[in-house]
Amino acid sequence: MSLISTTLQTPSDFYASILQKSLKTKDQFTAKSVHAQIIKSGLHLGVFLMNNLLNSYAKSGFISDADKLFDEMPIRNTFSWNTILSAYAKQGKFDRARIIFQEMPERDSVSWTSMIVGYNQMGQFEKAISMFLEMVSDGISPTQFTFTNILASCASLEALNVGKKVHSFVVKLGLGGYVSVANSLLNMYSKSGEPNTAKAVFDRMTIRSVSSWNTMITLYARSGRLDLALAQFEQMSERDVVSWNAMIAGYNQHGLDIEAVSVFAKMLKESNVRPDKFSLASVLSACANLEMLKPGKEIHAHIIRTVTNISETVSNALISMYSKSGGLGIARKIVDRGMVSNLNVISVTALLDGYVKIGDVKLAKDFFDSLDDPDVVAWTAMIVGYVQNGFNSDAIELFRSLLKYGPKPNNFTLSAMLSACSSLASLNHGKQIHASALRSGEESSVSVTNALIAMYAKAGSIENAKRVFSQVSWIRDNVSWTSMIIALAQHGLGLEAIKLFEEMLALRIRPDHITYVGVLSACTHAGLVEEGQNYFGLMQNVHKIVPTLSHYACMIDLLGRTGLLKEALEFIEKMPIEPDVIAWGSLLSACRANKNVELAEIAASRLLEIDPGNSGAYAALANVYSVCGRYEDNANIRKLMKDRGVKKDRGVSWLEINKTNHVFGVEDALHPQRDAIYKKMAELWKEIKKLGFVPDTKAVLHDLDEELKDEILSHHSEKLAIAFGLMSTPEKTTLRIIKNLRVCNDCHSAIKYISKLVQREIVVRDVTRFHHFKDGSCSCGDYW
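As recorded in an unreviewed UniProt entry, the protein chain goes by DYW domain-containing protein and comes from Papaver nudicaule.

Trainee: Summarise the overall build of the protein chain; cite the residues concerned and give the values.
Mentor: Counting secondary structure elements, the protein chain contains 43 helices and 6 strands. Relative to a compact globule of 784 residues, whose C-alpha radius of gyration would be 28 Å, the protein chain shows 38 Å and is clearly more extended. When the backbone C-alpha atoms are referred to their principal axes, the protein chain occupies close to 130 × 55 × 55 Å. Counting only residues that meet the buried cut, the protein chain has 50% of its 784 residues in that class. In the protein chain, once contacts between residues fewer than 6 apart in sequence are set aside, the share between residues at least 24 apart is 60%.

Trainee: So, the nonpolar core: which residues are in play, and what are the values?
Mentor: Counting residues in each nonpolar core, the largest one holds 199 residues, and the members touching the most others are Ile150, Phe367, Ile383, Met484 and Leu587. Beyond its immediate sequence surroundings of up to four residues, Ile150 is in contact with Ile116, Ala128, Ile129, Phe132 and Val166. Residues Ala721, Ile737, Ile762 and Phe773 belong to the second largest nonpolar core, which totals 30 residues.

Trainee: Describe empty space enclosed by the protein, and please don't skip the residues or the numbers.
Mentor: Counted under the stated rule, the structure contains 1 cavity of 30 Å³ or more. What the largest cavity holds in volume is close to 50 Å³. What lines the largest cavity is simply Ala425, Lys458, Ala459, Gly460, Arg736, Ile737, Ile738, Val763, Val764, Arg765 and Phe770. Of all elements in the fold, only strand 3 (735–739) and strand 4 (762–765) reach the threshold of two or more residues within the lining of the largest cavity. Grouping the amino acids of the lining of the largest cavity by side-chain chemistry returns 7 nonpolar, 1 polar and 3 charged.

Trainee: Describe in detail the packing of aromatic side chains, supporting the description with residues and values.
Mentor: Under the counting rule described, the total for this entry stands at 19 aromatic pairs. Note on Phe501 and Tyr535: the rings are 5.2 Å apart at their centroids and 90° apart in plane angle, and the pair reads as edge-to-face. Here the residue Phe501 occupies a position in helix 31 (residues 494–506), and Tyr535 occupies one in helix 33 (residues 529–541), the gap between them amounting to 34 residues. The burial state of Phe501 is the same as that of Tyr535; both residues are buried. The cationic tip of Arg208 hangs over the ring face of Phe202; the distance from NZ or CZ to the ring centre is 4.1 Å. Looking at Arg476, its charged tip hangs above the ring of Trp481, at a distance of 5.2 Å from the centre.

Trainee: Before we move on, could you go through the layout of surface pockets and cite the residues and values that matter?
Mentor: Here the second largest pocket defines a volume of roughly 680 Å³. Together, 31 residues line the second largest pocket, and Ala249, Gln253, Phe278, Ala281 and Ser282 are the ones closest to its centre. Looking at the lining of the second largest pocket, the elements with two or more residues in it are helix 12 (179–191), helix 14 (210–222), helix 16 (241–253), helix 18 (277–290) and helix 20 (312–324). A breakdown of the residues in the lining of the second largest pocket according to their chemical character gives 11 nonpolar, 17 polar and 3 charged.

Trainee: Give me the lowdown on the packing of helix 37 (residues 597–610) against helix 38 (residues 615–627), citing residues and values where you can.
Mentor: At their nearest, the axes of helix 37 and helix 38 sit 10 Å apart, and the two run at 170° to each other. Here helix 38 runs roughly antiparallel to helix 37, going by the angle between their axes. Contacts from Val597, Ala600, Glu601, Ala604, Leu607 and Leu608 in helix 37 reach Ala617, Tyr618, Leu621, Val624 and Tyr625 in helix 38. Across the contact of helix 37 with helix 38, the residue classes tally to 10 nonpolar, no polar and 1 charged.

Trainee: How would you summarise the pattern of salt bridges if you had to cite specific residues and measurements?
Mentor: This model, assessed by the stated rule, comprises 20 salt bridges. Linking Lys362 and Asp366 is a salt bridge whose minimum nitrogen-to-oxygen distance equals 3.2 Å. A residue pair is termed a helical-turn pair when its members lie 3 or 4 positions apart in one helix, as Lys362 and Asp366 do in helix 23 (residues 361–370) at 4 residues. The class for Lys362 is exposed, based on a relative accessible area of 58%. Note on Asp366: relative accessible area 33%, which makes it partly exposed. Among the ionic pairs, Asp710 bridges to Lys689, the shortest N-O distance being 3.0 Å.

Trainee: Outline the pairing of strand 1 (residues 652–657), listing residues and values.
Mentor: The element strand 1 is extensively covered by neighbouring structure, given that 5 of its 6 residues are classed as buried. Where strand 1 and strand 2 (residues 660–665) come together, 6 bridges link them in antiparallel fashion. Opposite Ile657, over in strand 2, you have Thr660 as the bridge partner. In this antiparallel pair of consecutive strands, strand 1 and strand 2, the connection spans 2 residues, and Asn658 shows a positive phi of 50°.

Trainee: Break down the environment of Lys40 for me, citing the residues and quoting the values.
Mentor: One can find Lys40 in helix 3 (residues 30–41). Considered as a pair, Lys40 and Lys756 are 716 residues apart in the sequence and their alpha carbons are 109 Å apart.

Trainee: How would you explain helix 12 if you had to name every residue and give the values?
Mentor: For an α-helix the count is 3.6 residues per turn, leaving residues at separations of three or four pointing the same way. Its 13 residues place the ends of helix 12 18 Å apart at the C-alpha level, agreeing with the 18 Å of an ideal helix rising 1.5 Å per residue. Within the sequence span of helix 12, burial applies to Val181, Ala182, Asn183, Ser184, Leu185, Leu186, Met188, Tyr189 and Ser190. Contact partners of the buried residues in helix 12: helix 10 (144–157), helix 11 (160–173), helix 13 (195–204) and helix 14. Where helix 12 ends, the next residue or the one after it, Gly193, has phi of about 80°, a positive value.

Trainee: Which residues make up unusual backbone geometry, and what values go with them?
Mentor: With the exception of glycine, the majority of residues adopt a negative phi angle, and the majority of peptide bonds are in the trans configuration. The phi dihedral of Glu291 falls on the positive side, at around 55°, and the residue is not glycine. Mapped onto the elements, Glu291 comes out in the loop between helix 18 and helix 19 (293–306). Although it is not a glycine, Lys595 sits at a positive phi angle of roughly 55°. Structurally, Lys595 is set in the loop between helix 36 (581–594) and helix 37.

Trainee: An account of the sheet that holds strand 1 is needed here, citing residue identities and associated values.
Mentor: In space, the 6 strands of this open sheet follow the order 2-1-3-4-5-6, with mixed pairing throughout. The open sheet has two edge strands, strand 2 and strand 6 (777–778), and neither has a second partner. With 2 bridges joining them, strand 1 and strand 3 adopt antiparallel strand pairing. Bridged to Ser653 within strand 3 is Lys739.

So, how was this worked out
Residues numbered from 1 in each chain as written. Predicted model: local features only at pLDDT ≥ 70, side-chain atom pairs only at ≥ 80, totals over all residues. Heavy atoms only, no water. Helix = DSSP H or I, 4+ residues; strand = E, 2+ residues; numbered from the N terminus. Rg over C-alpha atoms; globule rule 2.2 N^0.38 Å. Buried < 20%, exposed > 50% of the residue type's maximum accessible area, 1.4 Å probe, protein only. Contact = heavy atoms within 4.5 Å. Core = buried A, V, L, I, M, F, W, Y, C linked by side-chain atoms within 4.5 Å. 1 Å grid on protein atoms, 1.4 Å probe; cavity = no way out; pocket = protein on both sides within 12 Å on 5 of 7 lines; lining within 4 Å. Points joined across faces, edges and corners; volume = space filled by probe spheres on them. Nonpolar A, V, L, I, M, F, W, Y, C, P; charged D, E, K, R; others polar. Phe/Tyr/Trp six-rings, centres within 6.5 Å; stacked < 30°, edge-to-face > 60°. Lys NZ or Arg CZ within 6 Å of the ring centre and 35° of its normal. Axes fitted to C-alpha atoms, helices over the stretch in contact; angles between N-to-C directions. Parallel < 35°, antiparallel > 145°, perpendicular 65-115°, else oblique. Salt bridge = Lys/Arg side-chain N within 4 Å of Asp/Glu carboxyl O. Pairing = 2+ DSSP bridges. Expected span 1.5 Å × (residues − 1).

Laid out in structure tokens, this is it:
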């Protein structure tokens, strides 16, 4: 029979069969040879043979030859038009494809589907959907191939409404029984956030492929329903690598990293499926999160044994795993050996973070400098490393280099820089970062906005902090409100902070434990005992927030500052958690203000039980003795400190002039302009006394004569800083002073008089709050 059929085969059939076989064997050049024979044989007028040749040219990639042949064909049918149309559409040459489509004398479902497939493959999903709607309106019935492509476009756009309409067409045409169409429906509903409908489609499927199961597993895994994903996974009779990957990635992405490692181990042990780059990347990510170096090394060994060419994805995952798990040396070797040519964001950040975590900023910078073209994430990671390790000036210098030589900073970079400026309390630098945020359009980022509020507040510019907060009403989150409440509290604007907190509650924005630290602190600074107690109850009874030591410390401070020392002690004794250094320190500070020696001795004793080397406890108790005139006890405490090797924190103050920080200590003799500063301070001291200022010599904690006490008081660090600031800045300029300890009574009183004398605002940030001195008064209302 085969001999007879071969004998009877026409030349056209013979050449057509050769062309069809060449497509199966992917022989690209047979078409040109056959074309020459067809012309010699005079067979080029037959539409059947010419369509086969046209199809062979088109599918072999010779589209210009196909186009030339198409133009020369004496007879064309719909197949001819569809062949050349499909060739151009699949290559993304839509200008030519659209012309062909418009010129077609007759279009069928293949014509329309070719355009839809082309748009879908090129990512032009909206145009694919538009073409489908035109197809339906022209009365052309879609095929199963049309549906799989248009549903893929709907899935990519998460166009649920269109997807549902397509589903109705599928039902109407009875094509839901095709596995490929049902799988496309599953994928569309899954990606469009309709898990219940996806499950309904899955349950109605009479025939399910591995892809059907995988879609459901991926859907459940991505949404965090790992229990349902596991149930589906265990029901599968056959699993492929996608099935395993969905479970491993699902566990990893939802913080269940132990389970991710366990599933990977099961994959190696119980299945014949080989892990791919996605399996390996996910399990290495799990090891990185767990900081599990040993399992990570075992997986690395498996990769070396079984993988010929390690992908960039896996190499980056290895770098990240070693960096996070204490294997920085190995991570760096992978980089230095050129095993990965394109370091990704995660691996670069992990390496830099690894160096930062061990405090080796120099190695981090060396690695950063070795990068050929660091992206914005690498720059940001290095800046964050500097900030986290206290190298704020280096962070600022690196940011300046970024602006000159690097990529455009993003919102994370700007937030990190604003954090550095906050730590330095540098208003000038902060304003420059704000300007960069405005230029880059990142000012409206929530993270940048919140960082701006914190920066301006910490730099003493509460008005600018308010302005930023008021300008971003549409993007405020919990952090924005909390930052502003804390800022107002620190600047002595307790009533404003409470009002803002009430606005926050009215808008049903849920406060967290940090918000409550802010509002309780506001009550503390304003002396609002009843309000503070009410909010403390609201926190527990309404918002179900369990108080932390910070909340308890605020309440102790609130009671102690208002003279309710007995109540403060009772509050401490009733605390369900052990009071810490801050709690006892708050009570001790209150004892000094209220001259309660007995309770101060109890508080100091308990504080030193927790922290025997706490110099603040000794100093505070000595201060209490001194203000009560018990100079001998004061001397004994100071001798005890000396005998035990406890050193008192030295009081220092500083301010920024022309981008340089000038630091001053008590009786400072190191500043190059010392003589001029002392002269200026002597003049101020004399003038404010004329205005009625009386030095508080009780603030000098030694038994000295009054004249010497007077001189010592005039040389306190914040006073010297103010004198220098007045010498170094134009009139009317606001001075911003930072002090590492609490402002003493004498300095507080003196600065009020100085502000009136020189007609300037003087902002002093001490260890607990801000003081805004203006026209002879302070924002704290003399309550601090």
